[in-house]
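Survey of secondary and tertiary structure
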Amino acid sequence: MKWANVKLILGREIRDQLRDRRTLFMIAVLPLLLYPLLGMSFFQITQFMREHPTKILVVGAEQLANLDDFPPLIDGEHFSPTLFSDANHSDLLQLELLATDNFVAAGDIRPPATESPSVLTDAQHRLEQGEAQLVLWIPPGFAERLTAFHQQLLRHSGASTANSSNQAAEVPAPKIFHNSAREQSQIAYARVARVLDRWTSAIGHQNLRDSRVPVLATRPFNFEMNDVAERGHRSAAVWSKILPFVLLIWALTGAFYPAIDLCAGEKERGTLETLLSSPAQRGEIVWGKLMTVMIFSVATALLNLASMGLTGAFVVSQLTQLGLLPADNQIGLPPLIAFGWLALALLPVAALFSALCLALAAFARSTKEGQYYLMPLLLITTPLMILPMAPGVELNLGNSLIPVTGVVLLLRTMLEGQYLVGLQYTLPVAGVTLLCCLFAIRWAIDQFNQESVLFRESERLDLGLWMRHLVRDRAPTPSISEAICCFVLILLIKFFISLAMHPPTNLVQLVQQVFVSQVVVIGLPAMLMTIMLTRCPGQTLLLAKRPRWGLIPAAVLLGAVLHPIGVTLSTGIQRLYPVNPDVAVGLQKINALLQASPNVWLPLLLIALLPAVCEELAFRGFILSGLRHIGHKWRAIALSSIFFGVAHGVLQQSIAASVMGAIIGYLAVQSGSLIPCILLHCTYNALGFFYAQVIASGEAIMAQPLLRWMLDRTDSDGLPAFEYSWLLLLVCGLTTFYLLRWLQRLPYQKTEEETLQEALDVESWRLSNEEYLVGHK
């Protein structure tokens, strides 16, 4: 690759972008105007932000007229000001006092001649209609019962607590009616609940005083809270949750629109053909465009951060001066070192987002279509950005290996000033981010190397024509889109059936659920799509030819030596990402049901043979056969293994299953037959069942010399626990390496796309060598 060509393309693309007024507005003008305008709008809105009074209907208010010996609840048309922390807040609760027989004016409470429940019914109807926000019902006899209870306390001030509690239970409880479907009613309920709680506490304190019991007896002491965090650290803790998220969102947004204009826009303008016909290689063109998109992504993120930080600090200072925020609020100007950490993390993040956006933009036929791809990209990346904001999510080794999430957590840790903790995980975060960048850049280069991607023609969807095309023009094997549709269909069926299933309580239910989850959810969709969408089911499912004789024992041996490695890998994954206790209990119950089977053949059928057949037909049969039309063997294997892992519901199982799926997929490609894959899968799962039985025997393991050599004892929480020994893992690792090398030497049948792509790679390598030699001459 000639960097001089990359530099020329970079300069050309930057000049073109700077001539575009829309790009300049999005990159420079909008960040500088957006946040000040938002700040000004906020100050304008604060003029209308005030608490509105709520209307309260008090039914049976005449009951409160006879409580002269107790603290008052109602004073005029409002609750008593003594029940509020701020006496002015009593105006926010406007009362309408209702007797049980008729409406009465404030201060004119008359006892009813007869009790009429229709008043309460009418009040509830007004609450439902929204004429009032809350109804407070004082039951008949409330004042008399409360007074009698108070007098009994005075007579028996030395009575036991049990007697007092029995008397308290005889006082009828007032009732509150509110409408939780309306926000104003919820606000009224919160306000009235605080008032009634203070009134009840005031009555209780008075009872204690009249009974000559100190009020302090109910609460002899209080806790004094002291925050040891400095003001600067409190401010940094607040900004650490905001700035990383804003940085990544604007880095993605700043990369997306220039990438759309550089690829899809050039297709519309007809200038892409001129660029492709230049002496520059496709990789040089991609690098030039990628660096252009990166520059605009970084500029957008930095300008937005600077504008948001300055505007936010100004708004907070003004709100503090106006008294809308306390003087000791925890928000201030972000520390200067925060911008240094953000700028340092911005470069790899911008490279990742720029490469992803560039690859998607190359696939788009027009700018309009390219803009549609922003939403799926946001749906994938936004959860990874929001995950660090969840309570209890901290930076550790497991979280640092999650793309995007690790970057946000590392930035948050650094902004909080925990430098030693952040430095421990800088290497894994940087490694994962750079690895994702390399994959994304490689994907973008591959997109530019495919003429069918760059110059796709516009298509119109005719459902009838499309259905006839699927049936009439069936290929021997499925297409890429059909393979992906099969995977999506499996996930949808699995999701809805899992909602209808309940944890099995006996072996019969377990058999039924395993049959449904394997045959109906996984095997049946793959078989139906194979019959309906392909002309050669045997070729699609890799059942058209017999495998070589040596592959059968090799597959069984490979499944056996992979089991200790897989178990050790699963153990390490569970240490990084601990299994949810509820999920662990459910898995233990299923294992207990299998262990209680009357014979060994039924568990082997359920967890070994049936999953091996159904999952291999779907993932190494239909899906892998379709994905091989990508043109790259290893990419097809990687995608099918990821699909295979996602189909396992538990995250820890998904990661380990993806690794095993890659090995089984490699065996399927090299052997050209599904039989060795089924044997490997069945052997691996069967050994898992026997391994669980051996572990369950506990101390009996130590009596077997072979088992003592294979397993190491690692007690946990005082209970015996066992893991595969390192010597056995070494033997299994060497055997696995030898078997994979033997598989590599086997000739395999390539697809047309793989043959064409291999020829293109050879030609590209030849041209690169010629240019290199010419340049050095």
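Just so it is clear, the structure is predicted and the values come from calculations on it, not from any experiment. Residue positions are counted from 1 within each chain, in the order its sequence is given. Given that the model is predicted, a residue must reach a pLDDT of at least 70 before its local features are reported, and side-chain atom pairs must reach 80 or more before they are shown or counted; all residues, however, enter totals for whole chains, interfaces and linings. Excluding hydrogens and water, the side-chain figures rest on all heavy atoms present in the structure.

**A closer look at the confidence of the model for the protein chain**
The predicted coordinates ought not to be read in detail in places where the model reports low pLDDT. Note the following rule: Confidence per residue, as judged by the predictor, is encoded in pLDDT with a range of 0 to 100. Residue contacts are defined here by distance: any two heavy atoms, one from each residue, within 4.5 Å place the two residues in contact.
Here the protein chain shows a mean pLDDT of 81. Residues at 70 or above account for 85%. In the model, residues 102-116 has pLDDT below 50 throughout and makes 31 contacts with residues more than four positions away in sequence or in other chains. Between residues 159-169, whose pLDDT stays under 50, and residues either more than four places distant or in other chains, the model counts five contacts.

**With respect to the pairing of strand 5 (residues 134-137)**
Our working rule: Partly exposed describes any residue whose relative accessible area lies between the buried limit of under 20% and the exposed limit of over 50%, with all areas from a 1.4 Å probe on protein chains only and scaled to the type maximum. For the purposes of this entry, the term helix denotes a DSSP run of H or I that reaches at least four residues, the term strand denotes a run of E that reaches at least two, and both are numbered from the N terminus. Pairing between strands is defined by DSSP: at least two bridges between the two strands are required.
Of the two faces of strand 5, the one holding Leu134 and Leu136 and the one holding Val135 and Trp137 are both buried throughout. Of the pairings in the sheet, the one linking strand 5 to strand 6 (residues 175-178) comprises four bridges and is antiparallel in character. Residue pairing across strands places Trp137 opposite Lys175, the latter belonging to strand 6.

**Observations regarding the packing of helix 11 (residues 336-363) against helix 17 (residues 426-449)**
Keep this limit in mind: Here the axes come from fitting lines to C-alpha atoms, over the contacting stretch only for helices, and the angles between their N-to-C directions go from 0 to 180 degrees. Note on angle classes: values under 35 degrees are labelled roughly parallel, values over 145 roughly antiparallel, values of 65 to 115 roughly perpendicular, and the remainder oblique. Each crossing is labelled by how the near helix is turned from the far one, with a counterclockwise turn of less than a right angle marking it left-handed and a clockwise turn marking it right-handed. Residue type decides the class: Asp, Glu, Lys and Arg count as charged, Ala, Val, Leu, Ile, Met, Phe, Trp, Tyr, Cys and Pro as nonpolar, and the leftover types, Gly among them, as polar.
Relative to each other, helix 11 and helix 17 sit at 25°, their axes nearing to 8 Å. Classed by the angle they form, the pair helix 11 and helix 17 counts as roughly parallel. For the crossing formed where helix 11 meets helix 17, the hand is left-handed. Residues Pro348, Ala351, Leu352, Ala355, Leu356, Leu358, Ala359, Leu360, Ala362 and Phe363 of helix 11 lie in contact with helix 17, whose contacting residues are Thr433, Cys436, Cys437, Ala440, Ile441, Trp443, Ala444, Gln447 and Phe448. Looking at side-chain class alone, the contact of helix 11 with helix 17 contains 17 nonpolar, two polar and no charged residues.

**Overview of the pairing of strand 4 (residues 93-98)**
For strand 4, the tally of buried residues reaches five of six residues, placing the bulk of the element in the interior. Two elements, strand 1 (residues 54-59) and strand 4, share six bridges in a ladder whose sense is parallel. What sits directly across from Val59, in strand 4, is Leu98.

**A short note on unusual backbone geometry**
Phi angles above zero are rare outside glycine, and Val404 is one such case at about 70°. Relative to the assigned elements, Val404 resides in the loop between helix 14 (397-400) and helix 15 (405-415). Taking relative accessible area as the criterion, Val404 reaches 9% and is therefore assigned buried. Positioned with a positive phi, Leu542 is a non-glycine residue whose angle comes to about 55°. You can see Leu542 is positioned in the loop between helix 22 (537-540) and helix 23 (551-576). The exposure class of Leu542 is buried, given its relative accessible area of 14%.

**Notes on empty space enclosed by the protein**
Formally: Method remark: on a 1 Å grid restricted to protein atoms, a set of points is classed as a cavity if a 1.4 Å probe fits but cannot get out and as a pocket if it is open with protein on both sides within 12 Å along at least five of seven lines; lining residues have an atom within 4 Å of a point. Grid points are joined across faces, edges and corners, and a volume is the space filled by probe spheres set on the points.
Summed over the entire model, instances satisfying the criterion amount to two cavities of 30 Å³ or more. Considering only enclosed or pocket space, the largest cavity measures out at about 50 Å³ in volume. Considering the residues around the largest cavity, the lining is formed by Ser240, Lys241, Pro244, Phe245, Met385, Pro388, Met389, Val408 and Arg412. For the lining of the largest cavity, the secondary-structure elements that each account for two or more residues are helix 8 (243-269) and helix 15. Residue composition of the lining of the largest cavity, grouped by class: six nonpolar, one polar and two charged. Approximately 30 Å³ is the volume found for the second largest cavity. In terms of lining residues, the second largest cavity is bounded by Ala554, Ala555, Leu558, Leu667, Leu739, Trp742 and Leu743.

**Some remarks on the nonpolar core**
As a reminder, the rule being used: Side-chain atoms within 4.5 Å are what join buried Ala, Val, Leu, Ile, Met, Phe, Trp, Tyr and Cys residues into a set we call a nonpolar core.
Formed by 69 residues in total, the largest nonpolar core has its most connected members in Leu247, Leu248, Phe353, Leu358 and Phe448. Among the secondary structure elements, those contributing two or more residues to this core are helix 8, helix 9 (272-276), helix 10 (282-321), helix 11, helix 13 (374-386), helix 15 and helix 17. Element by element, the count of residues in this core is highest for helix 11, at 17 residues. In contact with Leu248, other than residues within four places in its own chain, are Val349, Phe353, Met385, Val404 and Val408.

**A look at the state of the cysteines**
Counted only if it meets this: Disulfide assignment relies on a single distance test, namely cysteine sulfur atoms paired within 2.5 Å.
Using the criterion set out here, one finds zero disulfides in the structure. Not engaged in a disulfide, the cysteine Cys436 finds its nearest cysteine sulfur in Cys437; these two sulfurs lie 7.1 Å apart.

**Things to note about helix 30 (residues 726-744)**
Note the threshold: Multiplying one less than the number of residues by 1.5 Å gives the expected span of a helix. The arc refers to the directions leading from the helix axis to the C-beta atoms.
In this model, helix 30 (19 residues) spans 27 Å end to end at C-alpha, consistent with the 27 Å of a helix rising 1.5 Å per residue. All of the buried residues in helix 30 are Leu728, Leu729, Cys732, Thr736, Leu739 and Leu743. Looking straight down helix 30, one finds that the buried residues subtend no more than 95° of arc, so they occupy a single side. Within helix 30, the exposed residues directed more than 90 degrees away from the buried face are Trp726, Leu734, Phe737 and Tyr738. Those residues of helix 30 hidden inside the fold are in contact with helix 23, helix 27 (651-671), helix 29 (705-710) and strand 8 (722-724).

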